[in-house]
Amino acid sequence: MKVTVFGTGYVGLVQAAVLADAGHNVCCVDIDPTKIEKLRDGIIPIYEPGLAELVKHNYHDSRLTFTTDAKKGVEHGDIQFIAVGTPPDEDGAADLQYVLTVAKTIAEHMNAKTVVVNKSTVPVGTADKVQLAITNGLQQRNKNFEFTVVSNPEFLKEGSAVADCKRPDRIIIGTNSKQAEEQMRELYAPFNRNHEKIIVMDIKSAELTKYAANCMLATKISFMNEMANIAERVGADIEQVRHGIGSDPRIGYQFIYPGCGYGGSCFPKDVQALVQTAENNGYSSEILKAVEAVNYRQKNKLYEYICQHYGVEQNLPGSLAGKTFALWGLAFKPNTDDMREAPSRVLMEALWAAGAKVQAYDPEAMEETQRIYGSRDDLVLMGTKETALKGADALVVCTEWQSFKAPDFEVIKSELKSALIFDGRNLFDAARMKPKGFVYRSVGR
Ligand SMILES: NC(=O)c1ccc[n+]([C@@H]2O[C@H](COP(=O)([O-])OP(=O)(O)OC[C@H]3O[C@@H](n4cnc5c(N)ncnc54)[C@H](O)[C@@H]3O)[C@@H](O)[C@H]2O)c1
């Protein structure tokens, strides 16, 4: 099938490459000319396992093309995906300007019947807005092409986006058009062979399903962080509690890790956006507000531990002057270079404000860190996790990269000024750290 994808970010590029790999003919459109140029040169602007090979291979075979020419893009596809960003606006609601700009662009250039698919995470009612924007655009041109707007939210996880897209748990299709449903079924048939994964529902329910899923996951994390904070105060070990409750199949082991808070481009903004949607509809979502508040507090946790350890007041300029912290992990989670809303940023910014320096290492996110913060005296990016330790006062773990889980503790001890670790991801066995000679502070233990 001929497909056009607007937006070549984490969602658009991965979905486009996976669809092309299954044999569809996919044209990617982005307004960022540098990104498009890089993609044509085989340079993948984001880190996602397996993506580079997939893009290069399908580009080479001409099933995947890249353009900034929206007209060319619109004319290419029988199905037009909108996969652009929906960042939060000032009050936390999803900013739909990019989605609606694409809708207008489609209306400006379409010259045949089409299906428009909302892949971006958008609040309930957005399909109606896209419908209206396209109708208005066509009216201005005095055209009357038939089109349908479908909601098809994306559930991929950064860090395993290609695998998730190739083998989705479910494919949600929100539509009231039998014809559009049939086209979407044909498009996704290669991904629906093992068992039925397509769930067809009305558009609003599809739009809400995406928010409900992310908010449920964010709730699990904040709930566990809440338990960790209680465990710390009563002298319990949250890791033992985690095992204890995970064994209940109604709860399960997934997504109940305590830590220094959730980040990324989805959970924080989607929780805020659903709170806002609820408010706009006369409902105050107490659970989601608490999920957000707990996470906000949790992202300060590592800084709090550090201040407690040194006996200094929080947010006091100069209180950590002269100290250097080795940071392991900058990305908001492992296997990605995405730094959006990363807990490491909250920590670094607090340390800098207190006069401390940071020596950081991340397997993939150092370029992105450099892009965000530029060069500054109090941030040094190091080439390996070992060199990041050199002469630092303590090690702080912000991201649970696999390569951090079984380090050489003797090296850590010899490279640091003192054997001190603040672990925001509970990577190490607390009981083993003291005999190894470490002062070890982790979450909820
Ligand atoms: N990142 C994830 O893990 C994830 C998972 C599921 C859903 N989502 C949702 O998918 C959407 C996209 O997220 P993302 O992380 O891929 O975003 P992103 O910021 O990585 O990429 C968005 C891309 O859209 C491009 N763009 C903006 N306006 C455009 C236009 N008018 N025409 C063409 N391209 C345009 C930008 O240049 C950028 O390359 C969001 O709504 C997000 O909430 C993201």
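Each chain has its residues counted from 1, running along the sequence as written. Local features in this predicted model are restricted to residues whose pLDDT is 70 or higher, and side-chain atom pairs enter the listing and the counts only when it is 80 or higher, whereas totals over whole chains, interfaces and linings include all residues. Hydrogens and water are ignored here; the side-chain numbers use all heavy atoms of the structure.

Caption draft 1: Representation of the overall build of the chain. Strands are runs of DSSP state E lasting at least 2 residues, helices are runs of H or I lasting at least 4, and numbering of each runs from the N terminus. Across its full length, the chain carries 17 helices and 14 strands. What the globule rule says is 2.2 Å times the number of residues to the power 0.38, and the radius of gyration is computed from C-alpha atoms. The C-alpha atoms of the chain give 24 Å as radius of gyration, which agrees with the globular expectation for 445 residues (22 Å, within 12%). By principal-axis analysis of the C-alpha atoms, the chain measures approximately 75 × 45 × 45 Å. Burial status across the chain gives 53% buried among its 445 residues. Any two residues whose heavy atoms approach within 4.5 Å at even a single point are treated as in contact. In the chain, the share of contacts with a sequence separation of at least 24, taken over all contacts with a separation of at least 6, comes to 72%. Per-residue and other accessible areas follow the Shrake-Rupley method at a 1.4 Å probe size, with only the shown protein chains counted as cover for residues. Accessible surface for the chain amounts to roughly 20000 Å². Of this, 50% is attributable to carbon and sulfur atoms. For the purpose of counting charges, residues Lys and Arg are taken to be positive, whereas Asp and Glu are taken to be negative. His and the chain ends are not included. By convention, charge coordinates are those of NZ in Lys, CZ in Arg, CG in Asp, or CD in Glu. Between the averaged position of the 51 positive side-chain charges in the chain and that of its 57 negative side-chain charges there is a distance of 2 Å. Only protein chains enter the accessibility calculation, which uses a 1.4 Å probe. A residue is then buried if its area is under 20% of the maximum for its type, exposed if over 50%, and partly exposed in between.

Caption draft 2: Representation of the site of the ligand within the structure. The criterion for a residue being near a molecule or strand is simple. One of its heavy atoms has to lie within 4 Å of it. Every one of the 27 residues lining the ligand counts as a neighbour, but Asp 30, Lys 35, Thr 86, Glu 158 and Lys 269 are closest to it. Lys 269 places a side-chain nitrogen or oxygen 2.6 Å from an oxygen atom of the ligand. Of all elements in the fold, only α1 (10-21) and α5 (97-109) reach the threshold of two or more residues within the shell around the ligand. Each residue is assigned to one of three groups, with Ala, Val, Leu, Ile, Met, Phe, Trp, Tyr, Cys and Pro labelled nonpolar, Asp, Glu, Lys and Arg labelled charged, and all others, Gly among them, labelled polar. Here the residues of the shell around the ligand sort into 11 nonpolar, 8 polar and 8 charged. By the criterion applied in these results, polar contacts are pairs of N or O atoms within 3.5 Å in which, for protein atoms, one can donate a hydrogen and the other can accept it, and in which residues neighboring in sequence qualify only through two side-chain atoms.

Caption draft 3: Structural context of the sheet that holds strand β13 (residues 420-423). By this definition, two strands are paired if DSSP reports at least two bridges between them. Strands sit in the order β11-β10-β9-β12-β13-β14 across an open sheet of 6 strands; the sheet is parallel. Each edge of the open sheet is held by one strand with a lone partner, namely β11 (379-381) and β14 (439-442). Taken over all neighbouring pairs, the strand axes of this sheet differ in orientation by 20 degrees on average, direction set aside. Where strand β10 (residues 357-361) lies against β11, 3 bridges are found, and the strand directions are parallel. Looking at the pairing, Gln 359 lines up with Val 380 of β11. Packed on one face of the sheet, helix α14 (residues 343-353) meets β9 (324-328), β10, β11 and β12 (394-397) and runs near 175 degrees to β9. Axes, fitted as lines to C-alpha atoms, cover a helix only where it is in contact. Angles between the N-to-C directions of the axes lie from 0 to 180 degrees. Strand contacts of helix α15 (residues 366-373): β10 and β11, with the helix running at about 155 degrees to β11, the strand carrying the most contacts.

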